[in-house]
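Below, each chain spelled out in residue letters.
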Amino acid sequence: MLKLHYNLEKVSLGMVAAIIVAALIGGAVEIAPLFTIDETVAIPDDLRPHTPLELAGREIYMREGCYACHSQMVRALADEIDRYGPYSLAGESAYDHPMLWGSKRTGPDLARLGDKYSDDWHVVHLADPRSVVPASIMPAYPWLTTSLDTENLSAQLATLARLGVPYSDEMIANAMRDALAQSRPDSDGAADVAARYGESVAIRAFDGNSSRLTEMDALVAYLQSLGTLTKAAHETLAPEATQ
Amino acid sequence: MIGSLSISERQTGLVLAIGLALFGLVMAAAAKQGPMAVHGAMALALGVALIFAIGGVFYDADAPAGRAGRYYDEPTRFGIVMALTWAAIGMGVGVWVAALLYWPEATPLWSWTSFGRLRPVHTTGVIFGFGGNALIATSFHVLQRTSRARLADAVSPWVVLIGFNLFCAWAVTGYLMGSTQSKEYAEAEWYADLWLVVIWVVYFAIYLRTLARRNEPHIYVANWYYLAFILVVAMLHIVNNLALPVSLAGAKSFTIWAGVQDAMVQWWYGHNAVAFLMTAGFLGMLYYFLPVRAGRPIWSYRLSIVSFWGITFFYLWVGSHHLHYTALPHWVQTLGMTFSVMLLVPSWASAGNAIATLNGAWHKVRDDATLRFMFVAAVFYGLSTFEGSFLAIRPVNSLSHYTDWTVGHVHSGTLGWLAMVSFGAIYTLVPQLSGREAMAWPRAVEWHFWLAVTGTLIYVVAMWNAGITQGLMWRTYDANGALAYSFLQSVAAMAPYYLLRTIGGALFLSGAILCALNTRATLRAAPADAAASDRPLQPVAAE
Amino acid sequence: MSRPTRHEVDTDPVTGYETTGHNWNGIRELNTPFPRIVIWALALTFAYSAVAWVLLPAWPLGRDYTRGLLGLDQGEIAAEGYQRLAEARADWVTLFASGDFTALAADKTLMARAMPAAARLFADNCAACHGATGTGGPGFPNLADQDWLWGGDPETVAETLRVGINSAHLETRFSQMPAFGRDGMLPRNEIAAVADHVLALSSGKADPNSPSATLFAENCSSCHGEAGTGGLGVGAPVLVDDQWIYGGSRDDILTTLRQGRQGVMPAWENRLSATEINMLALYVAGLGQDGETGVRQ
Ligand code: HEM
Ligand code: HEM
Ligand SMILES: [Ca+2]
Ligand SMILES: [Ca+2]
Ligand SMILES: [Cu+2]
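Each residue is numbered by its place in its chain's sequence as written, counting from 1. Written order determines the labels here, with chains lettered from A and ligands numbered from 1. Note on the predicted model: pLDDT of at least 70 is required for a residue's local features to be given, and 80 or more for side-chain atom pairs to be given and counted; whole-chain, interface and lining totals, by contrast, use all residues. To get the side-chain values, all heavy atoms of the structure are used, and hydrogens and water are removed first.

### Concerning the coordination of the iron atom of ligand 2
Residues and elements named next belong to chain B.
- For the iron atom of ligand 2, the sole protein-derived donor is His409 (NE2), lying 2.0 Å away.
- Donor selection uses N, O and S atoms within 2.8 Å of the metal (3.2 Å for Na, K and Ca). Since no water is included, sites may look incomplete. The two metals, the iron atom of ligand 2 and the copper ion (ligand 5), are separated by 4.3 Å.
- In this description a helix means any DSSP run of H or I spanning at least four residues, a strand means any run of E spanning at least two, and both kinds are numbered starting from the N terminus. Here His409 lies in helix 14 (residues 404-433).

### Some remarks on the site of ligand 2
- To be near a molecule or strand, a residue needs just one of its heavy atoms within 4 Å of it. Within the structure, ligand 2 sits among 26 residues, and Glu184, Tyr185, Asn397, His401 and His409 of chain B are positioned closest to it.
- Lying at an intersection of chains, ligand 2 is approached by residues of chains A and B.
- A 3.5 Å cut-off defines polar contacts: any pair of N or O atoms within that distance qualifies, except that in protein one atom must be a possible hydrogen donor and the other a possible acceptor, and neighbouring residues in sequence count only when both atoms are side-chain atoms. In the environment of ligand 2, an oxygen atom lies 3.4 Å from a nitrogen or oxygen atom belonging to the side chain of Ser103 of chain A.
- Here an oxygen atom of ligand 2 and a side-chain polar atom of Asn397 of chain B are 2.8 Å apart.
- Residue assignment for the shell around ligand 2 shows that the elements contributing at least two residues are helix 8 (259-294), helix 10 (330-357), helix 12 (369-391) and helix 14 of chain B.
- Gly is put with the polar residues, along with every residue not named as nonpolar or charged; the nonpolar set is Ala, Val, Leu, Ile, Met, Phe, Trp, Tyr, Cys and Pro, and the charged set is Asp, Glu, Lys and Arg. Tallied by class, residues from the shell around ligand 2 come to 10 nonpolar, 15 polar and one charged.

### Observations concerning the interface of chain B and chain A
- In what follows, residue pairs with any heavy atoms lying within 4.5 Å of each other are defined as contacts. The partner chain A presents 83 residues to the 93 residues of chain B that form the contact.
- When two parts are brought into contact, each loses some accessible area as probed by a 1.4 Å sphere; the total of that loss over both is the buried area. Taking both partners together, chain B and chain A bury about 7600 Å²; carbon and sulfur atoms supply 69% of that area.
- Contact with chain A buries area across many residues of chain B, yet Phe254, Tyr402 and Phe487 of chain B alone supply 10% of it, more than any other trio.
- Every case where a carboxyl oxygen of Asp or Glu lies within 4 Å of a side-chain nitrogen of Lys or Arg is listed as a salt bridge. Connecting chain B to chain A are three salt bridges.
- A salt bridge links Glu64 of chain A to Arg117 of chain B; its shortest N-O distance comes to 2.7 Å.

### A word on the interface of chain A and chain C
- Chain A puts 34 residues into the contact, and the matching count from chain C is 35 residues.
- Of the roughly 2800 Å² buried between chain A and chain C, counting both surfaces, carbon and sulfur atoms make up 55%.
- Between Arg63 of chain C and Asp38 of chain A there is a salt bridge, with its nearest N and O atoms 3.3 Å apart.
- Between chain A and chain C we count 11 residue pairs in polar contact (both at pLDDT 80 or more) in total.
- At the level of elements, helix 3 (33-36), helix 5 (78-84) and helix 13 (239-242) of chain A are the ones that each hand at least two residues to the side of chain A that touches chain C.
- Broken down by class, the residue content of the side of chain A that touches chain C amounts to 17 nonpolar, seven polar and 10 charged.

### Structural notes on the domain arrangement of chain C
- Considered domain by domain, chain C is made up of domain 1 (36-65) and domain 2 (124-285).
- Throughout, the edges of the domains are those of an automatic or database domain assignment. Each of domain 1 of chain C and domain 2 of chain C has a C-alpha centre, and the two are 63 Å apart.

### Let's talk about the pattern of salt bridges
- As enumerated under the stated definition, the model contains 36 salt bridges over all chains in all.
- With a closest N to O distance of 2.9 Å, Arg63 of chain A and Glu215 of chain A form a salt bridge. Linking Arg63 of chain A in helix 4 (residues 52-63) with Glu215 of chain A in helix 12 (residues 215-225), this pair joins segments that are 152 residues apart in sequence. The same class applies to Arg63 of chain A as to Glu215 of chain A, namely buried.
- A salt bridge links Glu269 of chain C to Arg162 of chain C; the shortest N-O distance between them is 3.1 Å. Here the residue Glu269 of chain C occupies a position in the loop between helix 11 (250-259) and helix 12 (274-287), and Arg162 of chain C occupies one in helix 7 (residues 154-163), the gap between them amounting to 107 residues.
- Note on exposure labels: buried denotes an accessible area under 20% of the residue type's maximum, exposed denotes more than 50%, and partly exposed covers the range between, all computed with a 1.4 Å probe on protein chains only. Classification of Arg162 of chain C as partly exposed rests on a relative accessible area of 22%.

Right, dumping it as structure tokens:
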């Protein structure tokens, strides 16, 4: 062995090859089977993709780096279930490019956030967290009142569709319109949003003002969708445990 | 600097600079607005600046005749300057974001300076800006010395350094503008990612070409590590950053990986960015500068072999320890946990080999702050790898994950190990680069050492306390079997630790700034001729 | 300059070991024998791993993976752990299923066990809106006073919690303060008059015979009660005290009248268990009882 290495050390391309081989094995063994073992990701029947407005909100969530402080992954631990709700399933993020599981909880987990608070609360909290939670150390996001740029939404849906997210051509074509309509419950398009994405989609003037489509609308729509895209996770806990 | 290039090299340089300017122009024109346009403009500006810089000396005398008989140290010098610049930026932002967590009202109501946007500026600034430049700079030095050969080419080292720094600048300005892929330590958008791939190929090429000129048939251990750093980082970077841009004329892209597979790829990358950038590369650094400064042979060649291959093989199995108890399948977690425990052995073997190398030089450790930096680095390397393996055990991780314990571990690794070994290397290298015996302000090195050690200890101890407190508060049940603390109580409990961390960080930062100033003063001193022995040998092909 | 002599093996005076003979610009390596302890450590950590691999799910096999002798699954373990938690506190938690709040509140030892848990639930779920001590804030009602929109007895509170107010729940309580201004239900001057009347009501100086009192009686009393004293169980607040959800300045009241209000209280049925909701109901009902709660610990 030592002799072998002694000789290998003299050949730079030999070292290169050996390093590549040694380094490839671990990843190959751990990553490739995640695509071949079926039970890795069970996509729930009722899983829906994000609406265009929620998707735009998700990008704001990424842009502002919310993931630096908030996880979206309830771990399979009894105390986490107790505090946050059912643990997260792989299927729940099957359409997420990228996933936003997070690695730090400076603030609480948000995986089960949808419907926990009202839109109004989110609007106030995001604009000035300490006005509702005096002890909060979360930054304020007053600039979210700017208008939402929906220009790119169709192209974004189309890109995601190419990556396997089930966006139909109709969804792609109407992305801009749907984004607007989701924040205007009284508009004609609102019913189309529900028809395309399901009745469970929240269609509201998220920032309290239906005359303007703002980044706040998008972000709050996204936050209200967290944990509501499928009910699958709620089925993992025996009913008596939750009662 | 450019004066030492030959006429034909200046021509190549000029062509490349024009190419960069045109590339920037096309990028800016295609994107029209948004981060990509700004980045195009940055590339254009850099290209134009380089055109002027090269054009200004284009017709000067050709490169000095004896050039081939000397090492090519200008790129190293530039890399060190950039590393220290980034250190000041990255750590400055680190102290600022640390302060924001204690004093959130201080956030200016201006989107660019929000915590979530600055945090990746900090991580990218220190890991890539400071760490990356330090690695590239020292790798060129070590490569030449251990091969006793001049760099194989004079232009490509500049391509590597300037291109790499453009990547870093793109990345951090992108985050400020809100452009991010949100993948930790790989946040930069697709075009920056592609750019880095090109730069990396050039880096690899110059490395191999120079190595081929070496005079000692055996490749020195430091170069094994640098090679592993270059190769594995390339592999990780490419796989993790595979993405589909929404349009070629815009910054936005979607990673091709989704959900649980994305998580695994991300942390396979994330952990090994730690392993091959923040560990392997710096072990290369340690393996050269420690024996040089201590004047001692490496304690055990055989141990070096085992630790190197152990690290190279085991490390890539352990990324899943970042995903314990998550929706990642249990079996991958078991593999991540067990390989992390096995990984401790080669890690400690490296630390032990470094410390044992100091046998016979302990009096130097006592007297020489520079060597002490490297000694402390080896100790912290041992500490943080032990801690890492411990944190990788699932039940331990159930407590530590998501808490500031992780942040404490991170900074015992980065401050205690990565930064300390870099400072040790810089203090060894800089006098040599300026042809002096010692740094311009030797006392400042001593000051820096104590600032760094105190700062690290305060930071790390505060975060251990913070993390364990947090983890326990989240899971503590009262006597009646109900959760005892609300989340907000755990937030409030962090305040004193966040304050302490800010103070520790500020101490560390002031040391780093002292280092930067000291380096500037030293490099400014008129360069004397390099020692006669610090010369390449006549080139011969080794292979 | 001469080349370094290759493979020149020396002995290191400090350690007594030989060098390997390589020389990289002065750096040498010792040919120190391989330390035994490293072998042992590798063997030990490998043994640990091997045991783990046998017992736990570990190695992928194409389309499947080894399940491990223990047959563990982290999801099941977590669900069981959660079940065990629930069982451990079942002796007192299940009592809250009854909904006989008078009996529950009278059981002091039970309350002593339950109220810390309720306080934690309140802090994690409710305090964001109603404040850490339940005193509310702009847009969010005070729960620590005597005024209630729907009622402050534990039964009513529990029902409010279960279905929410103006929430997404199918059985939600519904309430709305109409937008008299925006929807053109009252002209400007009358809005101003009725606003002044509301101000007068809260300071106890209202003139019951004024034209604005008539306006109030015609437009508002159906929800807020004859004298603005609320309590009709339709979610409309008392207007005769100095407690306000949306603020009591003239401007605030004008805004309320012009734009209307429809505060949203989320429904908790799908997030909290029935026992937790009952616990919280007692906790909340206790908040309003002048400190002399006997409920709140
Ligand atoms: C002046 C000294 C420094 C200070 C005050 C500092 C402060 C911070 C702060 C406040 C965070 C965010 C933690 C959180 O979100 O809770 C952080 C994260 C981080 N820092 Fe530093 N830092 C310093 C130096 C460094 C250095 C020198 C490096 C690496 C070379 C580094 C690498 C990192 C990394 C990798 C993270 C991300 C940790 C994670 O996501 O778990 N830091 N630092
Ligand atoms: C044997 C060596 C090591 C092992 C097994 C190890 C293991 C770990 C573990 C288990 C975590 C926590 C994951 C989580 O709960 O999220 C972690 C985080 C981290 N470690 Fe290490 N560690 C090692 C060495 C190091 C060293 C030397 C450094 C720095 C130079 C380092 C930098 C980091 C960073 C930056 C993170 C934070 C990742 C994030 O953003 O979440 N580690 N490591
Ligand atoms: Ca992290
Ligand atoms: Ca990237
Ligand atoms: Cu790791």
